[in-house]
Amino acid sequence: MTDPTDKGGGPGDVFVSAGTREVPRIAETSEGAQEMAPRPATDPTELRREVGAVLRLPEGTVLNTGDIDIERRDDETMIINMGPQHPSTHGVLRLMLELDGETVLRTKPVIGYLHTGMEKQGEELTYVQGSTNVTRMDYLSPLNNELVFSMATEALLGLEMPPRAVWIRMLMSELQRVSSHLMWMATNGMDLGSTSMMIYGFREREMVLAFFEKTTGLRMNNNYIRPGGVAADLPDGWQDDVEIICETVLARSFEYDELLTGQPIFRDRTEGVGNITAEEALALSVTGPILRSTGVPWDLRRAMPYLAYDQLDFDVIVGTYGDNFDRYSIRLNEIRESIRIIRQVAEHMPPGDYRIQDAKVTPPPRARIDESMEALIHHFKVFTEGFKVPEGEVYVAIESPRGELGCYLVSDGSSKPYRLHIRGPSFVNLQAVPLLLRGGLVADAVAIISSVDPVMGEVDR
Amino acid sequence: MSPADAAVGAAAPSADVQDPVVPVPVAPPPAFLPAVPRSAGSGGEEIAFPDRAHYVELVRAYRNAGFELCADLCAVDYLSHPGRSLPDGVEPERFEVVVNLVSLSEKRRVRVRVQVPEAEPAVPSLIEVYPGVDAMEREAFDLLGVRFEGHPDLTRILMPEDWEGHPLRKDYGVGRVPVQFKEAPGPR
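Everything numeric here is computed off the predicted structure, so don't read it as measured data.

Conventions we followed
Residues numbered from 1 in each chain as written. Chains lettered and ligands numbered in written order. Predicted model: local features only at pLDDT ≥ 70, side-chain atom pairs only at ≥ 80, totals over all residues. Helix = DSSP H or I, 4+ residues; strand = E, 2+ residues; numbered from the N terminus. Buried ≥ 20, exposed ≤ 12 C-beta atoms within 10 Å, placed from the backbone. Contact = placed C-beta atoms within 7 Å. pLDDT = per-residue confidence, 0-100. Nonpolar A, V, L, I, M, F, W, Y, C, P; charged D, E, K, R; others polar. Pairing = 2+ DSSP bridges. Axes fitted to C-alpha atoms, helices over the stretch in contact; angles between N-to-C directions. Parallel < 35°, antiparallel > 145°, perpendicular 65-115°, else oblique. Left-handed = near helix turned anticlockwise from the far one by under 90°. Core = buried A, V, L, I, M, F, W, Y, C linked by C-beta atoms within 7 Å. Domains from an automatic or database assignment. Expected span 1.5 Å × (residues − 1).

**Student:** If you had to explain the overall build of chain B to someone new, which residues and values would you point to?
**Tutor:** Across its full length, chain B carries 3 helices and 7 strands. Along chain B, helices and strands appear, N-terminal first, in the series α-β-β-α-β-β-β-β-α-β. Counting across all 188 residues of chain B, residues that qualify as buried make up 31%. For chain B, the proportion of contacts with a sequence separation of at least 24, taken over those separated by at least 6, is 57%.

Structure representation (structure tokens):
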């Protein structure tokens, strides 16, 4: 009895069963005529030789792990420098790797190449201008940066947003998550050698960005979510645009399954690579998909709901092993969950104001300026002087595509933040890179860096 | 798997099948938190104000009480805003180190604010309690010049290594580059 799907197990398995052995075929190859036996007829010696050939070992040699001398002297390791201009480091991340042969021993991420002092600049800009500053930190999910800054400002002001503003914010935040994860799928695919995935990811992301352009006027760095609401109402026909995005991206996410999820090369490069346990992740303050890949169901949208996430039905995706493949699956499935959320938001979008009708933070409508001197003065004041925020300090956190995005805001009662600190998830998650790389191959380093999904604009701020 | 676990697994084969979704089991011992001034934040979260001597002890007590994650650590320079509101018994100093802790099991946050004097801007490092504060303490040192005693690698992280000064201090100017626009007329 020979099962044609049986790919054989250990070297002790018997591959040949009497009576079923077929007549060997002769195949013409570039190296002459070669005898090819059907796969079930491959005997263990031949199989081992094949595996040895794949591993580029000399024929017939089987590596005995007991022969490797682990106790090597220190001077046999070498330190190499990867980046900051390495194309696979997602920007300007520089890694110093200590290698023993091809095995990574120690890693030190060196950052700061993109540091532009945005926290210092945030202290020089009013709260009205502040969202144009923070939006440039995590440039793959700018709307989330604006959201956390606006929520922190509103917490200090003690304002509650009108329902439509809240739901528009949720809609945009989830669309941003879809686009950010698509971008990650694209670059991760490229890092693993799948250039088709890169093209596909960018193609789908373009649809989301086109909707952002239609709504906010800009593809990125939108300055759309502002303290007091959002800058503009959704455009006419937005339901159709959103539904087309949902339909297309959802259908294509199953194409990614065909392209990557079941593909043997992709799985070999990701499964069991870059493992981290839940204890290690928590100790290193790692959040987001990396923490969830270890099985900890920690998603701020569920655990500490903000906006109106407690009124929505969605699942928190968790992994089991904490390896690259789990992080890939989590992000792919989070795209689908976000689409579920977007559809619910589109269905239940409440009517009403898209920004708070509080004369303190909201400028008067444009039409009023032509007829009212007070409105003109008020408008001028809001945009030059800004509004004053009561003294206090607040820490607000949201779930960005990369983890906990926090904003610690201190106000001294003036119209500018006294201290603006952004807790960037990429900055903290980078601490896990040495742990993830340790003991792995240098060839896997690129895949592991990619699976952490660092955005250097947010790391360096 | 340790030998003890293996023995358990051998005795009861079903014991090693664990639900992978369960988070890290942290058995919170009876919470014994040092008495320090406290207040409540705008979100209802607890804010504790230890002095430097009880800072690590308090954070360790929070860690043992089930706050598994240190979400954030940053420093603030209160040079030009000395009159901020603090609870009774807390002497305002120029610097403040702010630590945000999260309890995953209880889904709640706590904030620890410790006053750091200008004359000796140093606090003990939390790296023994939360290894994840490594980069955050380096950032606070780099940008505000607060030293974290006991940190194994307290070097600049964002600024160049040879940079002088700490940019997020309030007495550190923003710096401006004069911009000459193309069509701007010269001075009259």
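Next comes the rest of the description.
**Student:** Account for the overall build of chain A, with residues named and values stated.
**Tutor:** Secondary structure summary: chain A contains 18 helices and 10 strands in total. Of all 461 residues assigned to chain A, the portion counted as buried reaches 45%. Long-range pairs, those at least 24 residues apart, make up 66% of the contacts in chain A between residues at least 6 apart in sequence.

**Student:** Mind laying out the confidence of the model for chain B, listing which residues take part and the relevant values?
**Tutor:** Residues and elements named next belong to chain B. Per-residue confidence for chain B gives a mean pLDDT of 77, with 74% of residues at or over 70. Counted against residues more than four places away or in other chains, residues 1–20, with its pLDDT under 50, gives 6 contacts. Note on residues 24–30: pLDDT under 50 across the span, and 11 contacts to partners over four residues away in sequence or across chains. Confidence estimates for the predicted assembly give a pTM of 0.79 and an ipTM of 0.77.

**Student:** Give me the lowdown on the interface of chain A and chain B, citing residues and values where you can.
**Tutor:** Taken together, the 40 residues of chain A in the interface contact 33 residues of chain B. Elements that contribute at least two residues to the side of chain A that touches chain B include exactly helix 2 (118–124), helix 9 (278–283), strand 8 (392–400), strand 9 (403–411), strand 10 (419–423) and helix 15 (425–429) of chain A. Residues belonging to the side of chain A that touches chain B are distributed by class as follows: 20 nonpolar, 10 polar and 10 charged.

**Student:** Just give me the short version of the pairing of strand 9 of chain A, but keep the residues and values in it.
**Tutor:** Residues and elements named next belong to chain A. Within strand 9, 9 of the 9 residues are buried, leaving the element largely enclosed by the surrounding structure. Alignment of strand 8 against strand 9, held across 9 bridges, turns out to be antiparallel. Bridge pairing links Gly 392 to Ser 411 in strand 9. Counting the residues in the hairpin turn of strand 8 and strand 9 gives 2 residues.

**Student:** Mind laying out the packing of helix 5 (residues 163–191) of chain A against helix 12 (residues 324–348) of chain A, listing which residues take part and the relevant values?
**Tutor:** Residue and element names in this part refer to chain A. Two elements in contact, helix 5 and helix 12, have axes separated by 9 Å at closest approach and are oriented at 155°. By the angle between their axes, helix 5 is roughly antiparallel relative to helix 12. Here the hand of the crossing between helix 5 and helix 12 comes out left-handed. Each of Trp 167, Met 170, Leu 171, Glu 174, Leu 175, Arg 177, Val 178, His 181, Leu 182, Trp 184, Met 185 and Asn 188 in helix 5 lies in contact with helix 12, whose residues at this interface are Tyr 328, Arg 331, Leu 332, Glu 334, Ile 335, Ser 338, Ile 339, Ile 341, Ile 342, Val 345 and Ala 346. Considered class by class, the residues forming the contact of helix 5 with helix 12 number 16 nonpolar, 3 polar and 4 charged.

**Student:** Account for the sheet that holds strand 5 (residues 108–116) of chain B, with residues named and values stated.
**Tutor:** Residues and elements named next belong to chain B. Across the sheet, 5 strands lie side by side as 1-2-5-4-3; this open sheet has mixed pairing. Where the open sheet ends on each side, the last strands, each with one partner, are strand 1 (38–40) and strand 3 (69–77). Mean inter-strand twist for the sheet, computed between neighbouring axes without regard to direction, equals 20°. Bridge count for strand 3 against strand 4 (residues 95–103) is 8 bridges, and the pairing is antiparallel. Counterpart to Leu 73 in the pairing with strand 4 is Val 99. Packed on one face of the sheet, helix 2 (residues 55–64) meets strand 2 (46–48), strand 4 and strand 5 and runs near 175° to strand 5.

**Student:** Any chance you could break down the pairing of strand 5 of chain B for me, citing the residues and the numbers?
**Tutor:** Residue and element names in this part refer to chain B. Among the 9 residues that make up strand 5, 7 are buried, leaving the element largely enclosed by the rest of the structure. Summarising the sheet, strand 2 and strand 5 pair through 3 bridges and their orientation is parallel. Bridging from a neighbouring strand, Glu 46 pairs with Val 110 of strand 5. Pairing between strand 4 and strand 5: 9 bridges, direction antiparallel. What sits directly across from Asn 100, in strand 5, is Arg 111.

**Student:** Quick one: what's the story with the sheet that holds strand 3 (residues 78–82) of chain A, residue by residue and with numbers?
**Tutor:** Residue and element names in this part refer to chain A. Ordered in space as 3-4-5, the 3 strands form an open sheet in which the pairing is antiparallel. With partners counted over all chains shown, the strands left at the sheet margins are strand 3 and strand 5 (103–110), one partner each. Along the sheet, successive strands turn relative to each other by an average axial angle of 25°, direction set aside. Relative to strand 5, strand 4 (residues 94–100) runs antiparallel, the two being bridged by 7 bridges. Pairing of Leu 99 across the sheet is with Val 104, part of strand 5.

**Student:** For the nonpolar core, give the residues involved together with the corresponding values.
**Tutor:** Counting residues in each nonpolar core, the largest one holds 153 residues, and the members touching the most others are Ala432(A), Val97(B), Leu101(B), Ala140(B) and Val146(B). For this core, the element with the most residues is helix 5 of chain A, which contributes 15 residues. Residue-level mapping places this core at the junction of two domains, with at least three residues from each of domain 2 (74–110) and domain 3 (118–460) of chain A. Sequence-distant contacts of Val146(B), defined by excluding residues within four places in its chain, comprise Ala75(B), Phe95(B), Val97(B), Val116(B), Pro121(B), Val123(B), Ala140(B) and Phe141(B).

**Student:** Residue-level account of helix 7 (residues 238–261) of chain A, with values.
**Tutor:** All names here are of chain A. For helix 7, with 24 residues, the first-to-last C-alpha span of 32 Å sits near the 34 Å given by 1.5 Å per residue. Those residues of helix 7 lying buried are Val 242, Ile 245, Val 249, Tyr 256 and Leu 260. Buried-residue contacts for helix 7 involve helix 5, helix 6 (195–216), helix 8 (264–270) and helix 12.

**Student:** Lay out the confidence of the model for chain A in plain terms, naming residues and giving numbers.
**Tutor:** Residue and element names in this part refer to chain A. Per-residue confidence for chain A gives a mean pLDDT of 81, with 83% of residues at or over 70. Note on residues 1–22: pLDDT under 50 across the span, and 22 contacts to partners over four residues away in sequence or across chains. In the predicted structure, residues 45–65 sits below a pLDDT of 50 and forms 13 contacts with residues beyond four places in sequence or in another chain.

**Student:** So what's going on with the packing of helix 5 of chain A against helix 6 of chain A? Residues and values would help.
**Tutor:** The description of two packed helices rests on the angle between their axes and on the distance between the axes. Residues and elements named next belong to chain A. Packing of helix 5 against helix 6 brings their axes to within 7 Å, and their N-to-C directions diverge by 160°. As judged from the angle between their axes, helix 5 and helix 6 are roughly antiparallel. The crossing of helix 5 and helix 6 is left-handed. Between helix 5, through Leu 175, Val 178, Ser 179, Leu 182, Met 183, Met 185, Ala 186, Thr 187, Gly 189 and Met 190, and helix 6, the contact on the second element is made entirely by Thr 195, Met 197, Met 198, Gly 201, Phe 202, Glu 204, Arg 205, Val 208, Leu 209 and Phe 211. Tallied by class, the residues present in the contact of helix 5 with helix 6 amount to 13 nonpolar, 5 polar and 2 charged.

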